[in-house]
Amino acid sequence: MPELPEVETIARGVHERVRGRRIVQVWFASHPQPFKTPAAHQARQLEGRPIVAVHRTGKHIVCELGAALGAPSGKQSGKNAGAQWIVHLGMTGRLLVTTPDAPVAPHTHARLGLSGGLELRFVDPRRFGRLDFRDLGRKAGFSAPGAEPLAIGSAEFAALFHGRRLSIKAALLNQSLLAGVGNIYADESLFRAGIRPHKSCGRLTRAELERLRVALNEVLQAAIRLGGSSVSDYVDAEGMRGFFQLEHCVYQRTGLPCRVCQTLVRRIVVTGRGTHYCPKCQR
DNA sequence: CATTTCACCTGGTGGC
DNA sequence: TGCCACCAGGTGAAAT
């Protein structure tokens, strides 16, 4: 499932391959609509615009778009200002850069034909993903509600969790607190910080919170270096798998010996999510 | 307001 | 072999 490192990997790959190209043709599937704004409106707005840059915010991929080719100046047009195409991959979403003649995978919901003979495709079997279009002439650019885990400082991080009663695992998954952490990296960072997943936020010491911030930062950076974790069907923009799943200490290692102390990894359910931890290393 | 639960989806898996 | 209940989990709406 795509979390921060996977989304970062995809955004970088897409950026490398499509930056500077223009959207010349847009096809959206008609029946299933995993779209925040109506498909027809998105398709109409996307066509003719250049892709200026692609980057990540939280778990969202943001494609920065320029004005449409030949759009008349003046407020009426709507295509003369910059815009954003925002992609959320949900659980099983893929954003792929292909050649136009590449076989179209099942559950392909969007195809953007680009200048220079490439296509940007959104594929999502379970349709948990979301596509959104934002006209920057009408509203501000997209920003994730939560803080950026790779940039946040000690005091701000501690303040996010201070005085809360819910478990630290549930808090890590709350995107309006921290943007980009999902089930894999919540479990892995709690292991590296030596903290029990169901421990209440309010009971964490300042030292534990700082250990968690550093552990989260390290695990996310390491995962980005390895192209993310391919635990189900995650692949990057070129269809390549990541390798960080080989470095997992607890996630999906139920019943296997802890890499540090050999105690068997345990699985519990916290707020409805499968949660993995070492009962000896994590207190 | 804070927190928890549930529906949304489909593919893969295990039991019978 | 086939069928089916069940699980995976990111998100947002509904419930508590």
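Undergrad: Can you walk me through the sheet that holds strand β3 (residues 60–65) in this structure?
TA: Whenever strands of a sheet pair, they do so through backbone hydrogen bonds, lying parallel or antiparallel. A sheet is described by the order of its strands in space; here four strands give the open sequence β2-β3-β4-β8, paired in antiparallel fashion. One side of each edge strand has no neighbouring strand; the edge strands of this open sheet are β2 (51–57) and β8 (130–135). For this sheet, the mean angle separating the axes of adjacent strands, direction not counted, is 20°. Against the sheet, helix α1 (residues 4–18) engages β2 and β3, with an angle of about 170° to β2.

Undergrad: I tried to follow the nonpolar core on my own but got confused; where do I start?
TA: Nonpolar side chains in soluble globular proteins tend to be buried together. Membership of the largest hydrophobic core comes to 34 residues, with the highest contact counts inside it found for Phe157, Phe161, Ile168, Leu172, Leu178 and Leu212. Listing elements by their share of this core, those giving two or more residues are α3 (154–161), α4 (168–173), α5 (183–193) and α6 (206–225). By residue number, the principal contributor to this core is α6, which donates nine residues. The residues contacting Leu212, other than those within four sequence positions of it, are Phe157, Ile168, Leu172, Ser189, Leu190, Ala193 and Ile195. Membership of the second largest hydrophobic core comes to 32 residues, among which are Val7, Val18, Leu118 and Phe122.

Undergrad: Explain the protein's contact with DNA strand B here, please?
TA: The local shell around DNA strand B consists of His107, Pro125, Arg126, Arg127, Phe128, Arg164, Arg165 and Leu166. For DNA strand B, the fraction of protein-proximal atoms (within 4 Å) that sit in sugar or phosphate groups is 62%. A distance of 2.9 Å is found between a base oxygen of DNA strand B and a side-chain nitrogen or oxygen belonging to Arg126. For the surface near DNA strand B, the residue count by class is three nonpolar, one polar and four charged.

Undergrad: Help me understand the packing of α3 against α6, please; the structure alone is not making it clear to me.
TA: When two helices pack together, their arrangement is given by the angle between their axes and by how far apart the axes lie. Packing of α3 against α6 leaves a shortest axis separation of 10 Å and a crossing angle of 110°. Between α3 and α6, the angle is such that the two are roughly perpendicular. In this structure, the crossing between α3 and α6 has a hand that is right-handed. Contact with α3, carried on its side by Ser154, Ala155, Phe157, Ala158 and Phe161, involves Arg206, Leu209, Glu210, Leu212, Arg213 and Leu216 of α6 and no other residues of that element. Looking at the contact of α3 with α6 residue by residue, the class counts come to seven nonpolar, one polar and three charged.

Undergrad: Honestly, the pattern of salt bridges in this entry has me stumped. Any pointers?
TA: Any two side chains of opposite charge can pair, on the condition that their charged atoms come close. Counting across every chain of the model gives 11 salt bridges. Arg12 is the salt-bridge partner of Glu8, the closest N and O atoms lying 2.8 Å from each other. Note that Glu8 and Arg12 are positioned in helix α1 at a spacing of four residues, about one turn of the helix. In this structure Glu8 comes out as buried when scored by relative accessible area, which is 15%. Note that Glu208 and Lys199 form a salt bridge whose closest N and O atoms lie 3.2 Å from each other. Its relative accessible area of 10% is what places Glu208 among the buried residues. Here the residues in one salt-bridge network are Glu8, Arg12, Arg56 and Glu148, joined through shared partners.

Undergrad: Is there a simple way to think about the protein's contact with DNA strand C in this case?
TA: Around DNA strand C, the structure places 14 residues, and the nearest of them are His88, Arg126, Phe128, Arg267 and Arg273. Each atom of DNA strand C within 4 Å of the protein was classed as base or backbone; sugar and phosphate made up 56%. Between DNA strand C and Lys59 there is a distance of 3.1 Å, counted from a phosphate oxygen to a side-chain nitrogen or oxygen. In the model, a phosphate oxygen of DNA strand C is placed 2.2 Å from a nitrogen or oxygen of the His88 side chain. Residue classes in the surface near DNA strand C are distributed as four nonpolar, five polar and five charged.

Undergrad: How should I be thinking about the side chain of Arg134 in this particular structure?
TA: In this structure, Arg134 sits in strand β8. Asp132 provides the closest opposite charge to the buried, salt-bridge-free Arg134, at an N-O distance of 4.9 Å. In this structure the side chain of Arg134 is engaged in a polar contact, spanning 2.7 Å, whose partner is the backbone oxygen of Ala140.

Undergrad: What am I meant to see in the packing of aromatic side chains here?
TA: Evaluated as defined, the whole model comprises two aromatic pairs. Against the face of Phe128 rests Arg126, its NZ or CZ located 5.2 Å from the ring centre.

So, how was this worked out
Residues numbered from 1 in each chain as written. Chains lettered and ligands numbered in written order. Predicted model: local features only at pLDDT ≥ 70, side-chain atom pairs only at ≥ 80, totals over all residues. Heavy atoms only, no water. Pairing = 2+ DSSP bridges. Helix = DSSP H or I, 4+ residues; strand = E, 2+ residues; numbered from the N terminus. Axes fitted to C-alpha atoms, helices over the stretch in contact; angles between N-to-C directions. Contact = heavy atoms within 4.5 Å. Core = buried A, V, L, I, M, F, W, Y, C linked by side-chain atoms within 4.5 Å. Buried < 20%, exposed > 50% of the residue type's maximum accessible area, 1.4 Å probe, protein only. Near = heavy atom within 4 Å. Polar contact = N/O pair within 3.5 Å; in protein donor to acceptor, adjacent residues only side chain to side chain. Nonpolar A, V, L, I, M, F, W, Y, C, P; charged D, E, K, R; others polar. Parallel < 35°, antiparallel > 145°, perpendicular 65-115°, else oblique. Left-handed = near helix turned anticlockwise from the far one by under 90°. Salt bridge = Lys/Arg side-chain N within 4 Å of Asp/Glu carboxyl O. Lys, Arg positive; Asp, Glu negative; His and termini not counted. Phe/Tyr/Trp six-rings, centres within 6.5 Å; stacked < 30°, edge-to-face > 60°. Lys NZ or Arg CZ within 6 Å of the ring centre and 35° of its normal.

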